[in-house]
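Listed below, chain by chain, are the residues.
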Amino acid sequence: MRCRICGKKAVYADQRLCKEHFIEFVKRKVEKVLKKVMNLEEKRILLAVSGGKDSLTMAHLLKGFDSEKELLYINLGIPDYSDEAEKIVRKFAKEHEYKLNVVKLSDYGFTIKDVYEAWKKGLIREKVCSICGLAKRYIFNSFAFEHGFDFVATAHNKTDAKAFAFLGIASGNFEYASRLAPINPGKKELRLVGRIKPLFYVTEKESMLYALLNRIKFLEATCPYAGGASQLRAKQLLAKIEEEFPNFGNNLLKLVRKLPKKEQELRTCEICGYPSTRRICKFCRVRELLNRHA
Ligand code: Q46
Ligand code: ZN
Ligand code: ZN
């Protein structure tokens, strides 16, 4: 198969593009998101990296855009997996001349392994991934706020967004689905830093191909606690439906983006001062519970 633009050998069959035109195609998708940020070149952006293909693809792509950027890696204390991921991120940062910040979840008093143990004992009802996601969001936001960043960039891709929309609709949580967007501006008065998802229009397949074509070394191991993640399940179900209805996920995404946006009512946590829907934020509640049973 030949590239539909220049006639060279195609590497991406879905769009019939050669390596060069595929990379350009992905860059344009990222540009579509970044264009929504006013005065991007003056902004400080904290890139949340995990060592996986999406976050390193994001960091690689953002090198090509003007603005001040640093990386943040959170070592979650997942046996073997977290240290291996940290090594990969350190190597990536060095090779691509990024300033890297590393934070350990254990500095906040617990690890994801502790969460898993507590869940096994029935002390925590939520799935490990949901507490893990919460801890990551909390640390990215507080770190960015304390270090004067304008945005936290996360590597959620289009396939994630479709799964998110699917889960929101499947569970009837339309409020949750309505907040799905490539950019969320944040609220300084609540110590809530803005969010960008530069890969919002890039599919998982495209992100993987970009990483491979650019020889990005990423973490291939899967997290030992990933098994039951509902997002993974939603992706598998969606892929199955899309075999018969190829535009199902895209249409779902279009649909939820038309839902009236319902802002979450937020206040600040009485313990840590970061945004919360209740008097004490979930992160502080989890931390307190794990400390009590440590
Ligand atoms: S690291 Fe954490 Fe993921 Fe592992 S425990 Fe779940 S959320 S699967 S991206
Ligand atoms: Zn070409
Ligand atoms: Zn708190």
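So, here's what we can say about the structure. Please read these numbers as outputs of a predicted model, since none were measured by experiment.

1. Re the site of ligand 1
No. 1: All residues in the neighbourhood of ligand 1 are listed as Ile-78, Cys-129, Cys-132, Lys-136, Cys-223, Tyr-225 and Ala-226.
No. 2: Residue classes in the shell around ligand 1 are distributed as 6 nonpolar, no polar and 1 charged.

2. Focus on the sheet that holds strand E6 (residues 194–196)
No. 1: The strand order across the open sheet built from 6 strands is E3-E2-E1-E4-E6-E5, with neighbouring strands paired in mixed fashion. Strands at the two margins of the open sheet, each flanked by one partner only, are strand E3 (99–104) and strand E5 (183–184).
No. 2: Judged from the 3 bridges that link them, strand E1 (residues 44–49) and strand E4 (residues 151–153) form a sheet pairing that is parallel. Within E4, the position partnered with Leu-47 by the bridge is Ala-153.
No. 3: In the packing of helix H2 (residues 53–62) onto the sheet, the strands contacted are E1, strand E2 (68–75) and E4, and the crossing angle to E1 comes to about 150 degrees.

3. Section: the side chain of Thr-203
No. 1: Residue placement: Thr-203 occurs in the loop between E6 and helix H8 (204–213).
No. 2: Not counting chain neighbours up to four residues away, the residues in contact with Thr-203 comprise Tyr-12, Asn-157, Lys-158 and Thr-159.

4. Examining the coordination of the zinc ion (ligand 2)
No. 1: Here the zinc ion (ligand 2) is held by the protein donor atoms Cys-3 (SG), Cys-6 (SG), Cys-18 (SG) and His-21 (ND1), which lie 2.1 to 2.3 Å from it.
No. 2: The motif formed by the donor residues of the zinc ion (ligand 2), counted along the single chain, is C-x2-C-x11-C-x2-H. Pair noted here: Cys-6 is in the segment before helix H1 (19–34) and His-21 is in helix H1, with a separation of 15 residues, a long-range link.

5. Topic: the coordination of the zinc ion (ligand 3)
Ideal values for angles at a metal depend on the geometry: 109.5 degrees with four tetrahedral donors, 90 or 180 degrees with six octahedral donors.
No. 1: Of the protein atoms, only Cys-269 (SG), Cys-272 (SG), Cys-281 (SG) and Cys-284 (SG) coordinate the zinc ion (ligand 3), at distances of 2.3 to 2.4 Å.
No. 2: Coordination at the zinc ion (ligand 3) is tetrahedral, judged from the 4 donor atoms that bind it and the angles of 105 to 112 degrees they form at the metal.
No. 3: In terms of primary sequence, the donors binding the zinc ion (ligand 3) are separated according to C-x2-C-x8-C-x2-C. With Cys-269 in the loop between strand E7 (267–268) and strand E8 (275–276) and Cys-284 in helix H11 (residues 282–292), the pair connects residues that are 15 residues apart, well separated along the chain. Across the pair, Cys-284 and Cys-269 agree in class, each one buried.

6. Thoughts on the packing of helix H4 (residues 112–120) against helix H5 (residues 128–146)
No. 1: Where H4 contacts H5, the axes come no closer than 10 Å and their chain directions differ by 145 degrees. Considering only the axes of H4 and H5, their crossing is right-handed. Taken together, the residues of H5 that come into contact with H4 (itself represented by Ile-112, Val-115, Tyr-116 and Trp-119) are Val-128, Ile-131 and Cys-132.
No. 2: For the contact of H4 with H5, the class distribution of residues is 7 nonpolar, no polar and no charged.

7. Description of the packing of aromatic side chains
Geometry of an aromatic ring pair is reported as the spacing of the ring centres plus the angle between the planes.
No. 1: For the coordinates displayed, the defined rule picks out 13 aromatic pairs.
No. 2: Considering the side-chain rings of Phe-92 and Tyr-98, the 6.3 Å spacing of their centres and the 20 degrees angle between planes classify their relative orientation as stacked. Neither Phe-92 nor Tyr-98 differs from the other in exposure class; each is buried.
No. 3: The interplanar angle of 75 degrees and the centroid separation of 6.5 Å between the aromatic rings of Phe-166 and Phe-248 together place this pair among those described as edge-to-face. One end of the pair, Phe-166, is in helix H6 (residues 158–170); the other, Phe-248, is in helix H10 (residues 248–257), with 82 residues separating them in the sequence.
No. 4: By relative accessible area, Phe-166 is classed as buried at 15%.
No. 5: Phe-248 gets classed as partly exposed once you look at its relative accessible area, which sits at 29%.
No. 6: Sitting over the face of the ring of Tyr-201, Lys-32 holds its NZ or CZ atom 4.0 Å from the ring centroid.

8. Details of the layout of surface pockets
No. 1: There is about 240 Å³ of room inside the second largest pocket.
No. 2: Forming the walls of the second largest pocket are Lys-158, Thr-159, Lys-162, Thr-203, Glu-204, Lys-205, Lys-235, Leu-238, Ala-239, Glu-242, Pro-246 and Asn-250.
No. 3: The set of elements that each furnish at least two residues to the lining of the second largest pocket consists of H6, H8 and helix H9 (230–244).
No. 4: Top contributing element to the lining of the second largest pocket by residue count: H9, with 4 residues.

9. Concerning the pairing of E3
No. 1: Of the pairings in the sheet, the one linking E2 to E3 comprises 6 bridges and is parallel in character. Looking at the pairing, Leu-72 lines up with Asn-101 of E3.

Cut-offs used in this document
Residues numbered from 1 in each chain as written. Chains lettered and ligands numbered in written order. Predicted model: local features only at pLDDT ≥ 70, side-chain atom pairs only at ≥ 80, totals over all residues. Heavy atoms only, no water. Near = heavy atom within 4 Å. Nonpolar A, V, L, I, M, F, W, Y, C, P; charged D, E, K, R; others polar. Pairing = 2+ DSSP bridges. Helix = DSSP H or I, 4+ residues; strand = E, 2+ residues; numbered from the N terminus. Contact = heavy atoms within 4.5 Å. Axes fitted to C-alpha atoms, helices over the stretch in contact; angles between N-to-C directions. Donors = N, O, S within 2.8 Å, 3.2 Å for Na, K, Ca; no water. Tetrahedral: all angles 85-135°; square planar, octahedral: opposite > 155°, others 65-115°. Buried < 20%, exposed > 50% of the residue type's maximum accessible area, 1.4 Å probe, protein only. Left-handed = near helix turned anticlockwise from the far one by under 90°. Phe/Tyr/Trp six-rings, centres within 6.5 Å; stacked < 30°, edge-to-face > 60°. Lys NZ or Arg CZ within 6 Å of the ring centre and 35° of its normal. 1 Å grid on protein atoms, 1.4 Å probe; cavity = no way out; pocket = protein on both sides within 12 Å on 5 of 7 lines; lining within 4 Å. Points joined across faces, edges and corners; volume = space filled by probe spheres on them.

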